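Each chain is listed here by its residues.
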Amino acid sequence: MEADVIDKIIEKHPKEPSSIIQVLLDVQSELYYLPEDVLKYVSAELKVPISRTYNLATFYKAFSLKPKGKHPISVCTGTACYVEGADKLMEQFERELGIKDGETTADKKFSLESVRCLGCCGLAPVVTVGKNLHGKLPSSKVGKILKQYK
Amino acid sequence: MAYRTYLMVCAGTGCVANNSMKIKEKLEDELLKRGIHNEVSVVTTGCNGFCAAGPLMVVQPDGVFYQLLKESDIPLLVEEHFIKGRPVKKLMYTPPKEKSSIPKMSDIPFFANQTLIALKNRGLIDPEKIDEYIARGGYEALAKVLTTMTSEEVIKEIKDSGLRGRGGGGFPTGIKWETCKRMEADTRYVICNADEGDPGAFMDRSIIESDPHAVLEGMCIGAFAIGASDGYIYIRNEYPIALQRLQVAIKQAREYGLLGKNIFGTDFSFDVRIVRGAGAFVCGESTALMASIEGKPGEPRAKYVHTVEKGLHDKPTCLNNVETWANVAQIITRGASWFSSIGTGDVSEDAWGGSKGTKVFSLSGKVNNTGLIEVPMGISLRQIIYDIGGGIKDGKKFKAVQTGGPSGGFIPESLLDLPVDYEELTRVGSMMGSGGMVVTDEDNCMVEMAKYFLSFTQAESCGKCIPCREGTKRMLDILEKITTGEGTEEDLVLLEELSYMVVDSSLCALGGSAPNPVLTTLKYFRDEYETHVRDKKCPAHCCKALIKYSIDPNICVEKGHGCGVCSKSCPDGAIIGESKQVHYIDLMKCGKCGICYDSCKFNAIYIE
Amino acid sequence: MASKISIEDLAKIRKETLRTMNLREGSGKVKMNVHMGTCGIAAGARKILEAVLSEVETRGLNDIIVTNSGCAGLCSQEPMMTVEVYNEPAPVKYVSLTPEKVKKIFDSHVLKGEIVKEYALALGSETTV
């Protein structure tokens, strides 16, 4: 664990138990997951029981206890994307990558997850790979998209 | 009494900001001075759309269009045009020739049918420049409130306006403020709910992205009215741009002293903190949201005691959503009677007696013009979908419009003339909700759609109360059975029964409204359910277990000459056939992904 | 850091800012406003903004105000940009833009005052009550 990274994050917030969610969010966006030792460290620093921290880390969808792949793929499953075929798109990703929703490929290159509405409903169906957004994506183009990142 | 000439002075926001009201006064003065005030009448009009040319005026019946007027132009104008009858060329606007073929914004139905209040600055100002917000009349409502009004007067103005919560519930905002104010307490809070969780809804995000100060100003006014000095904005973490613009706005407002201690040199102090949500739909519920701000899991509590009495940190708390806050400053500036003149019903006696003002909807799904729209309450769904939305994509047939997010319901074609109004939408089994509006067409299966929404709410159920946690799960199991062809007619009865049980006994609104998509589809599209359970068929060709893909051999050979695109694109290798020969689908291998169907240029592949 | 403002300052700021916002009194000849909400950015608005900036630079233009604002509402025709030319009474909304289209808008509308009709959606701003 890189304590100085975590300390920097904690410093940005009032050092009180109610800041715990905000701190965990920053850790998540820095490390892409919440390692066990970090959970313990943050709990101790903010004086939150570890049971509560674990509760939060599993309650909220923004948090992940497992590391993600180098290119995290998020398939939007908001309503607009759904009516435009997000389920087919998800299946195609699962097929191409050989993993299921929520998993990471063995080579740690890709992880796949379905996400709640990203709010770009005009571009449905929408997929993000890392920070790149691909809109109006037909499932037949999934292979092509993945090639860009291989 | 008839006048020979009418002067139509534009009183749209842009022109008013450019002093058009001064121009109007000056015109009236000048006409009076010249003794022709009985012949020439000055009238104010709505926005012409040519805001950049404002202040502007159209002379009727001559049709002369004056632009960029200054007060000092008026004496000359009155003298020349209305006394001597010589229109003043240098103040006139003549449309250049080449532009005549391009429509005006007001000629385009998408824009023409909208009324902008919460979105009045969208696309016009740079959201990261507070000066541009001020230039469009920003923070004047706050100045008015702090220097000329008491908190009671502010509350009365909001009550009289008929403003109701735009986040879903439709609770009258003024009454909420009044109740919160009445509680004995040393500390009170205001909260802006920007945890826009409904799939297919993005109006709050858009308001914050295009006009963050409107939300801050509304919160300041609300805080003054209820006597709060601390505010929170709870925003979804999935909205990075909105979050960043909000941070910039707060910083700028603090620099100008519009947030902080002694705002405008008065005794009133107020500041705002941003709290990010961590991806739990249930946190849109007020008690869950407050728990989340306190750093706890977002689980709702029973509301025997309302949050206006005991909310955040057990203090009286006034929570409104983004759109509600964005309306506040406008109501103060333009008056309650202006606001209540828009919309349906009458709120003078009963705060629930009508729906006033406008509502922002995010229009998506199978319509031609997807986007964010703001329409007056009372507009019909048909106008929204066909006039603004431009009708259904690819000439398909409309099936249903889903309003109110996962807690709302599906509204069929027969009810499209329904006016958009809190009570009307609830009456037909849906709700206003936060304003998601997803249009479905003949290719969408209603059972599948109901399953989609239910799987959403089921996954988002916090698990605290049994009816919601277990009830939605069992309902989902039944829907799963039906969509895979295992359903029976008894299942439909059980599904309905379970729905009412979940509605009646859940702890919070999430469970209380989760069955709405199921109930409305059962009500309006029961035949689709019946086809699934009786004939084991999906009329919309959506439910995978109930369909199969086939290739029409004639079309394949005659039109496509056995091009083989389908077999190359098939991820399962399920399509067999030599080049230039008929192709077949091996149903044992077919994964029913539909890629072949999409990739065949000759429409040789069909679903049955 | 800016200092705290008084109520009188509001009117002053408004007057000052309107001058630049409305392209009057020589603050610029053309104002190009790229609509950058989440949907616009997702549809490629950043590329459009970059294209606008690079056109301004390579052509050595110095009387162009480039700015951005939130979503214009019509997500299905993003990315969008509003172009306003001094002395023209109404701004023009261009839709479904690409960097190539931006180039053409510069060639024709910005430099010659001829609106590129095929990319233009409409003239004017939205109606407000």
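Only a predicted model underlies this, so the values are computations on that prediction, with no experimental measurement involved.

Draft legend 1. A look at the overall build of chain B. For chain B, the helix and strand inventory stands at 25 helices and 17 strands. Dimensions of chain B along its principal axes, counting C-alpha atoms only, are 90 × 65 × 45 Å. For chain B, the residues scored as buried account for 56% of the 608 residues in total. Counting contacts in chain B only where the partners sit at least 6 residues apart, residues at least 24 apart contribute 70% of the total.

Draft legend 2. Region of the structure containing the overall build of chain A. Per the secondary structure count, chain A includes seven helices and four strands. Per-residue burial over chain A gives 44% buried out of 150 residues.

Draft legend 3. Broad picture of the pairing of strand 7 (residues 271–276) of chain B. Residues and elements named next belong to chain B. Relative to strand 7, strand 6 (residues 230–235) runs parallel, the two being bridged by six bridges. Considered in strand 7, the bridge of Ile-235 is made with Arg-276. Following the chain from strand 6 across helix 11 (residues 240–255) to the adjacent parallel strand 7, one finds a crossover that is right-handed.

Draft legend 4. Broad picture of the nonpolar core. Residues Leu-24 of chain A together with Val-215 and Ile-221 of chain B are the most contacted members of the largest nonpolar core, which totals 230 residues. A per-element tally of this core places helix 10 (residues 212–226) of chain B first, with 10 residues. If near-sequence neighbours (up to four positions away) are discounted, Ile-221 of chain B is found in contact with Ala-141, Leu-142, Val-145, Val-154, Val-328, Ala-329 and Ile-332 of chain B. Judged by nonpolar contacts, the second largest core, of 18 residues, contains Leu-7, Leu-31, Phe-65 and Val-78 of chain B.

Draft legend 5. Geometry of the sheet that holds strand 12 (residues 409–412) of chain B. Residues and elements named next belong to chain B. Taken in spatial order, the five strands line up as 10-9-13-11-12 in an open sheet, and their pairing is mixed. Here the strands that pair on one side only, and so sit at the sheet edges, are strand 10 (371–376) and strand 12. Averaged over all pairs of adjacent strands, the angle between strand axes in this sheet comes to 30°, irrespective of strand direction. Pairing analysis gives six bridges linking strand 9 (residues 358–365) to strand 10, with the strands arranged antiparallel.

Draft legend 6. Quick peek at the packing of helix 17 (residues 446–460) of chain B against helix 18 (residues 466–483) of chain B. Residue and element names in this part refer to chain B. It is the contact of helix 17 with helix 18, at a shortest axis distance of 10 Å, that shows an interaxial angle of 150°. When the interaxial angle is binned, helix 17 and helix 18 end up roughly antiparallel. Seen from above, helix 17 lies across helix 18 with left-handed handedness. Contacts between helix 17 and helix 18 involve Val-447, Glu-448, Ala-450, Lys-451, Leu-454, Ser-455, Thr-457 and Gln-458 from the former and Thr-472, Lys-473, Met-475, Leu-476, Leu-479, Glu-480, Ile-482 and Thr-483 from the latter. Classifying every residue of the contact of helix 17 with helix 18 gives seven nonpolar, five polar and four charged.

Draft legend 7. Seen up close, the environment of Thr-67 of chain C. Its place among the elements puts Thr-67 of chain C in strand 2 (residues 64–69). With 18 C-beta atoms counted inside 10 Å, the residue Thr-67 of chain C sits in the partly exposed group. In this view, Thr-67 of chain C contacts Asp-126 of chain B together with Lys-31 and Asn-33 of chain C; residues no more than four positions away in its chain are not counted.

Draft legend 8. Representation of helix 2 (residues 20–33) of chain B within the structure. Residues and elements named next belong to chain B. Between the first and last C-alpha of helix 2 there are 20 Å, a value that for 14 residues agrees with the 20 Å anticipated at 1.5 Å per step. When helix 2 is considered as a whole, its buried residues turn out to be Ser-20, Ile-23, Lys-24, Lys-26, Leu-27, Glu-30 and Leu-31. Down the axis, helix 2 shows its buried residues gathered within 165° of arc, on one side only. Those residues of helix 2 that are exposed and angled more than 90 degrees off the buried face are Leu-32 and Lys-33. Two residues or fewer after helix 2 comes Gly-35, characterised by a positive phi angle close to 70°.

Draft legend 9. A look at the domain arrangement of chain A. Taken domain by domain, chain A holds domain 1 (3–59) and domain 2 (71–149). In this structure, domain 1 of chain A and domain 2 of chain A have C-alpha centres spaced 29 Å apart.

Draft legend 10. Region of the structure containing helix 1 (residues 7–21) of chain C. Helix length check: helix 1 of chain C, at 15 residues, gives a terminal C-alpha distance of 21 Å against a target of 21 Å (1.5 Å per residue), a fit within 8%. Those residues of helix 1 of chain C that sit buried are Leu-10, Ile-13, Arg-14 and Met-21 of chain C. Considered in projection along helix 1 of chain C, the buried side chains sweep an arc of 105° and stay on one side of the axis. Of the residues in helix 1 of chain C, the exposed ones pointing more than 90 degrees away from the buried face are Glu-8, Lys-12 and Lys-15 of chain C. Buried residues along helix 1 of chain C sit in contact with helix 5 (130–135) and helix 6 (140–148) of chain B.

Draft legend 11. Focus on unusual backbone geometry. Along the chain, Glu-78 of chain C connects to Pro-79 of chain C via a cis peptide bond; the corresponding omega equals -10°. Relative to the assigned elements, Pro-79 of chain C resides in the loop between strand 2 and strand 3 (81–85). The phi dihedral of Asp-394 of chain B is positive, around 50°, even though this residue is not glycine. Assignment of secondary structure puts Asp-394 of chain B in the loop between helix 15 (381–388) and strand 11 (398–403). One non-glycine residue, Lys-592 of chain B, lies in the positive phi region at around 55°. Along the polypeptide, Lys-592 of chain B turns up in the loop between strand 16 (584–585) and helix 25 (595–599). Of the residues examined, Lys-592 of chain B has 19 C-beta atoms within 10 Å and is grouped as partly exposed.

Draft legend 12. Seen up close, the environment of Arg-52 of chain A. Residue and element names in this part refer to chain A. You can see Arg-52 is positioned in helix 4 (residues 50–59). The class of Arg-52 is partly exposed, set by 16 C-beta atoms lying within 10 Å. The sequence separation of Arg-52 and Ala-3 amounts to 49 residues, and the corresponding C-alpha distance is 21 Å.

Draft legend 13. Quick look at the pairing of strand 1 (residues 71–76) of chain A. Residue and element names in this part refer to chain A. Bridging between strand 1 and strand 2 (residues 110–115) involves six bridges; their strand directions are parallel. Bridging across to strand 2, Ile-73 finds its partner in Leu-112. In terms of strand pairing, strand 1 meets strand 3 (residues 127–129) through three bridges, oriented antiparallel. Residue pairing in the sheet places Val-75 in a bridge with Val-127 of strand 3.

Draft legend 14. Up close: the domain arrangement of chain B. Split by domain assignment, chain B resolves into domain 1 (5–97), domain 2 (130–340), domain 3 (447–535) and domain 4 (548–607). For domain 3 of chain B and domain 4 of chain B, the distance between their C-alpha centroids amounts to 36 Å.

Draft legend 15. Geometry of the packing of helix 6 of chain B against helix 10 of chain B. Residue and element names in this part refer to chain B. The N-to-C vectors of helix 6 and helix 10 enclose an angle of 15°; their axes lie 9 Å apart at closest approach. With respect to each other, helix 6 and helix 10 are oriented roughly parallel. Taken as a pair, helix 6 and helix 10 cross one another with a handedness that is left-handed. Counting all contacts with helix 6, which are made through Ala-141, Leu-142, Val-145 and Leu-146, the residues of helix 10 involved are Glu-217, Cys-220, Ile-221 and Phe-224. Along the lines of polarity and charge, the residues of the contact of helix 6 with helix 10 split into seven nonpolar, no polar and one charged.

What counts as what
Residues numbered from 1 in each chain as written. Chains lettered and ligands numbered in written order. Predicted model: local features only at pLDDT ≥ 70, side-chain atom pairs only at ≥ 80, totals over all residues. Helix = DSSP H or I, 4+ residues; strand = E, 2+ residues; numbered from the N terminus. Buried ≥ 20, exposed ≤ 12 C-beta atoms within 10 Å, placed from the backbone. Contact = placed C-beta atoms within 7 Å. Pairing = 2+ DSSP bridges. Right-handed = clockwise from strand over helix to strand, strands pointing away. Core = buried A, V, L, I, M, F, W, Y, C linked by C-beta atoms within 7 Å. Axes fitted to C-alpha atoms, helices over the stretch in contact; angles between N-to-C directions. Parallel < 35°, antiparallel > 145°, perpendicular 65-115°, else oblique. Left-handed = near helix turned anticlockwise from the far one by under 90°. Nonpolar A, V, L, I, M, F, W, Y, C, P; charged D, E, K, R; others polar. Expected span 1.5 Å × (residues − 1). Arc of directions from axis to C-beta. Domains from an automatic or database assignment.

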